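# Residue-level structural notes
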Amino acid sequence: MKLYTKIFFALIFVYIVLLASDKIYGFFLNENVYLKQVYIQKKKINADFLILGNCVPNKLINPSILEKITKHKTYNLAETHANLTENYLSFYVYLKSNKAPKRLFIYTTPESFDPSFNKFSSYRFAYLMHDNEVRKTIKISDLNYYRWSFIPFAKYRYYNSPLHYSALQGAMHYFANSKKRIVHNGYLNFEELHKYRSLYPNGYRFKWDNLQEKYLIKLIFLAKKHGTKVILFESPFYSRKNELPNRNEILQKIKQIADKTNVLFIKFDTLKFPKSNFANNDMLYTKNIEKFNILFARRVLL
Amino acid sequence: MEFQIINKLQGIFRLFFRDNEIVLSNQTTAQDIDKWDSLIHLELISVIEHEFNLTFSLDEILTIKNVGELIQIIIHKQV
Amino acid sequence: MDLTSINYLGFITLTFLFYRFLPLNAKPYLLIFSSFIFIGTYSIESLVFFLFQHVLIHFTVKKISTTESASIRKRMFKLGIVFIIAFIFSLKYIEIKFNNTSSFNTNKLIFFLGISFYSLQNISYLIDVYYGRVKRLSFLDFTLFSSFFSKFIAGPITIIQTFKITYIEKNNTYLIQQGINRIAWGLFKKIVIAERIAPVIAFNFELKNPTLGLTNLVLAYLFTIQLYFDFSGYSDIAIGTAKLFGIDLSENFKLSLRAKSISEFWRRWHISLSNWLTNYIFYPISYKYRKKKYWGTIIAIVITFLVSGLWHGVYLTFIIYALLHSVYLIVGLFIQKPTNRFKNRIFSIFSIFFTFNLVSISFIFFRSISIEQAFSKVKCIFSQHFFSNNLLFDFTQYIAMGGEQENVFNLYVSLFLISLVLLFEDRLQRIFNAKKMNVIHLTLILLTIIFFGVFDKSKNFIYTQF
């Protein structure tokens, strides 16, 4: 029947469009040096110190201040909302085209193990899915995405992800050789909040995700295998009394992991910054960040 | 008979909706007249009842689909 | 099984294939069987609840139509009505007990799926049989009528008179073609438009401190748009699916956001519910009080909306929503005649925008999880903190869910798609309601869905909980 033939050819057409888009997106995303994953592959950072974590270290640890004191090249590989599994994979990608760093700083705080705060953003690795280890990790962390990724182009679309923008940006980088907003040390300047805002409802109990623990240990061993010294750290912290009943218990658990794997765990919540220094529970105002970075650099050099 | 009723109805409708362009036919439904909605449907019915001096039952009101059916009911009641 | 899920597409394809090849007298059984599977995949409880009410209503109606005695008929009739109302309210009560903090947590409510919609259908069936407007259905027909899967979860609420099956001939496939068109259009509305802005609304409504009046106003607009495309898209899929099986369901939305007045809005929005309420609540009440002129209408409006509010949920926010619409309609009644004179384009556009604003304000109450939240949002809109000098920081990053360039870009894409669809909605609707399939149109819409749709989060359909 004529109609069915038409439908058949329409489907073939859709399939071809998807296949082509898959290739085009993959290509341009790989040109987008604004993305950290691409930048570290293309630019060969070979940093001495590497920072991993979620949005807190991403905004808190400023490599240019650290470098002045430590005289070691530093790169901030922390990504917004990234959990420890994602940190592991970022480090794995980093090692593929860079020398292993001398020291690796991993941001570990109760939030890092709580799925309601951080997640695994599969789309950040969409164009690296030809790699076996990437596939394996995504399969464990995000099975649905993994299944969809077999359909052409679906891996760029399965999440309402910002990949349209990133691909466009990549095209700009490729055609116009645009260097706008490229961050060479991974540190992002940001606009800060006007008023202190608590992140947690009162009496919030942190959850613990075993998968994150597993991947933290995996990450530590991967670093050690390359002769990198691993240091776990947390940010300065402010909370009202009894606001977070199981925070100390979780910190204890992290300490146990550190002891078990024989790495250092530096706590900064003992620094006792006053509340007026904080924009929210674990984020300092810009003017205090410099102060903290100097402190951080000194602790690191010990 | 039918012609008289439809003329009288048209007058009522024009006065009620303040619109002198309304022209009724047997097929006219509520959808054809912009302001004829369920909110004022019963008010309109009351005016018609008053003018023709009769009463409709709830069932009749619910089942009227167009002006033609309305006229049939009026004829039926007036006999 | 969500109507926008891959599972559902597989489910209807399979049912459709069996349906085509089964002999005529087996077809209704297949549809009933599929419907039971469909309801059962949500939860066994909903199936049990459904069957319980179903059997009870069937025998009540049977008794009503076979007994001669007027008093027994009346008693059975009242018993049936009271039973259904008690049923609805006990479910609403359980719903509150289960989750008393938020009226917008759909996860636990899967349990009550569709039961409210379906109960309304049973009430009208009881009334119509009692007053002799329709004949009683056989158990088979009644079961097919009430359980038919595409309309079970969220309507359109169907009355028996309009529910019939045309068995599709081999050569006459226009219903099937129209069905496929409608499903594609519904998927587009839901996956591309509604789902793209859903997270923005969920995110912003949870924020405790509304910052700017502008943010809250835009949020109210976006929620109105989301609700419209979500629900009308859903109805399109339901109607389209029914067409595949030769069933014509009534239309539920007719370009609702183009209403020039609130009364027109209710003739275009959730039509099946409005009609139900008009026929079974509004007319009887205003008939009773019609000697009181305007007052009769006013009493009927208020009661009708209160019933509608309570049916949506036993929350204060729904009551306020209902009262607000009553006030809109009553005021509208009085200003309708003086405004009849203005009949130009500019006035029409102004009326549409004004109506849209009124509706959006009312939906703040519909969406809010508490009365305090709703009032603080409305108050914020009318406060002097409407604008800000730093719009990116105080406005855009809330609506874009982040101040990064990619978030803002994503927001612009959404806004572009929304305005495109709103502007050309009538034309698009005509294309996708056609009786012939246009392969080029279908290909284009499929590609648009793949490129701009949201696929990972379509579980929170707003209307299933009612």
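Residues numbered from 1 in each chain as written. Chains lettered and ligands numbered in written order. Predicted model: local features only at pLDDT ≥ 70, side-chain atom pairs only at ≥ 80, totals over all residues. Heavy atoms only, no water.

A few words on the interface of chain C and chain B. Interfaces are frequently sized by the accessible area removed from exposure as the parts join. With 21 residues of chain C in contact, the opposing surface of chain B contributes 23 residues. Here chain C meets chain B over a buried area of about 2000 Å², counting both sides, of which 55% is carbon and sulfur. At the junction of chain C with chain B, the criterion picks out zero salt bridges. Applying the counting rule to chain C against chain B returns one residue pair in polar contact (both at pLDDT 80 or more). Those elements giving two or more residues to the side of chain C that touches chain B turn out to be α10 (262-268), α11 (271-288), α12 (294-312) and α13 (316-336) of chain C. (Contact = heavy atoms within 4.5 Å. Buried area = accessible area lost by both parts, 1.4 Å probe. Salt bridge = Lys/Arg side-chain N within 4 Å of Asp/Glu carboxyl O. Polar contact = N/O pair within 3.5 Å; in protein donor to acceptor, adjacent residues only side chain to side chain. Helix = DSSP H or I, 4+ residues; strand = E, 2+ residues; numbered from the N terminus.)

Let us look at the sheet that holds strand β4 (residues 229-233) of chain A. Residue and element names in this part refer to chain A. With respect to topology, five strands assemble into an open sheet ordered β2-β1-β3-β4-β5, the strand pairing being parallel. At either end of the open sheet lies a strand with only one pairing partner, and these are β2 (74-76) and β5 (264-266). The mean angle between the axes of side-by-side strands here comes to 20°, regardless of whether they run parallel or antiparallel. Here helix α5 (residues 84-97) sits on the sheet in contact with β1 (49-52) and β3 (103-107), set at roughly 150° to β1. With respect to the sheet, helix α10 (residues 210-225) is in contact with β1, β3 and β4, its orientation differing from that of β3 by roughly 170°. (Pairing = 2+ DSSP bridges. Axes fitted to C-alpha atoms, helices over the stretch in contact; angles between N-to-C directions.)

Residues and elements named next belong to chain A. Considered for burial, the residues of helix α2 (residues 36-43) that qualify are K36, Q37, V38, Y39 and I40. Where the residues of α2 are buried, they touch α1 (2-29), α3 (55-60), β2 and α5. Just beyond α2, the residue with positive phi is K44, at close to 50°. (Buried < 20%, exposed > 50% of the residue type's maximum accessible area, 1.4 Å probe, protein only.)

A word on the environment of A:M129. All names here are of chain A. Inspection of the secondary structure assignment puts M129 in the loop between β3 and α6 (132-141). Sequence separation between M129 and M283 is 154 residues, and the spatial gap between their C-alpha atoms is 34 Å. Non-local contacts of M129, meaning those with residues more than four positions away in its chain, are made with V134, R135, I138, Y145, Y146, S149 and K155.

Tallied over the entire structure, the rule returns 19 salt bridges over all chains. The salt bridge involving A:D48 is made with A:K102; its shortest N-O contact spans 3.4 Å. Pair noted here: A:D48 is in the loop between α2 and β1 and A:K102 is in the loop between α5 and β3, with a separation of 54 residues, a long-range link. Linking C:D236 and C:K189 is a salt bridge whose minimum nitrogen-to-oxygen distance equals 2.8 Å. Of this pair, C:D236 sits in helix α9 (residues 213-244) while C:K189 sits in helix α8 (residues 174-206), and the two are 47 residues apart along the sequence. We classify C:K189 as buried; its relative accessible area is 3%. Put simply, C:R182, C:K189, C:D236 and C:E251 are held in one network by salt bridges that share partners.

We now examine the interface of chain A and chain C. Contacts between the two partners involve 29 residues from chain A, matched on the other side by 23 residues from chain C. Of the roughly 2500 Å² buried between chain A and chain C on both sides combined, carbon and sulfur atoms contribute 66%. Counting across the interface, chain A meets chain C through zero salt bridges. At the level of elements, α1 and α9 (163-175) of chain A are the ones that each hand at least two residues to the side of chain A that touches chain C. Take the side of chain A that touches chain C: its biggest share by element is ten residues, from α1(A).

As a further point, take the packing of helix α4 (residues 63-70) of chain A against helix α12 (residues 286-301) of chain A. Residues and elements named next belong to chain A. Direction vectors running N to C along α4 and α12 enclose 45°, while the axes themselves pass 9 Å from each other. Looking at the two axes, α4 sits oblique to α12. Viewed along their axes, α4 and α12 form a crossing whose handedness is right-handed. For the pair α4 and α12, contact is made by I65, L66, I69 and T70 and by E290, N293, I294, F296, A297 and L301, respectively. For the contact of α4 with α12, the per-class residue count stands at seven nonpolar, two polar and one charged. (Parallel < 35°, antiparallel > 145°, perpendicular 65-115°, else oblique. Left-handed = near helix turned anticlockwise from the far one by under 90°. Nonpolar A, V, L, I, M, F, W, Y, C, P; charged D, E, K, R; others polar.)

This part takes up a nonpolar patch on the surface. Residues A:F8, A:F9, A:I12 and A:I16 make up a contiguous nonpolar surface patch of about 420 Å² in total accessible area. According to the relative accessible area criterion, A:F9 is exposed, its value standing at 54%. (Patch = residues over 30% accessible without salt bridge, like charges linked within 9 Å, V, L, I, M, F, W, Y side chains within 5 Å. Areas by Shrake-Rupley, 256 points an atom, 1.4 Å probe, with all protein chains shown as cover.)

All names here are of chain C. As assigned here, chain C comprises domain 1 (6-171) and domain 2 (177-460). When each unit is reduced to the centre of its C-alpha atoms, the spacing between domain 1 and domain 2 is 26 Å. Each partner contributes residues to the interface: domain 1 has 43 residues there, and domain 2 has 33 residues. For the pairing of domain 1 and domain 2, the buried interface totals around 3200 Å² over both sides, and the portion due to carbon and sulfur atoms is 69%. At the boundary of domain 1 with domain 2, the tally comes to zero salt bridges. Scanning the region where domain 1 abuts domain 2 turns up six residue pairs in polar contact (both at pLDDT 80 or more). For the side of domain 1 that touches domain 2, the secondary-structure elements that each account for two or more residues are α1 (6-21), α4 (70-98), α5 (115-130) and α7 (149-152). Looking at the side of domain 1 that touches domain 2 element by element, the count peaks at seven residues for α5. Class assignment of the residues belonging to the side of domain 1 that touches domain 2 gives a composition of 23 nonpolar, 14 polar and six charged. (Domains from an automatic or database assignment.)

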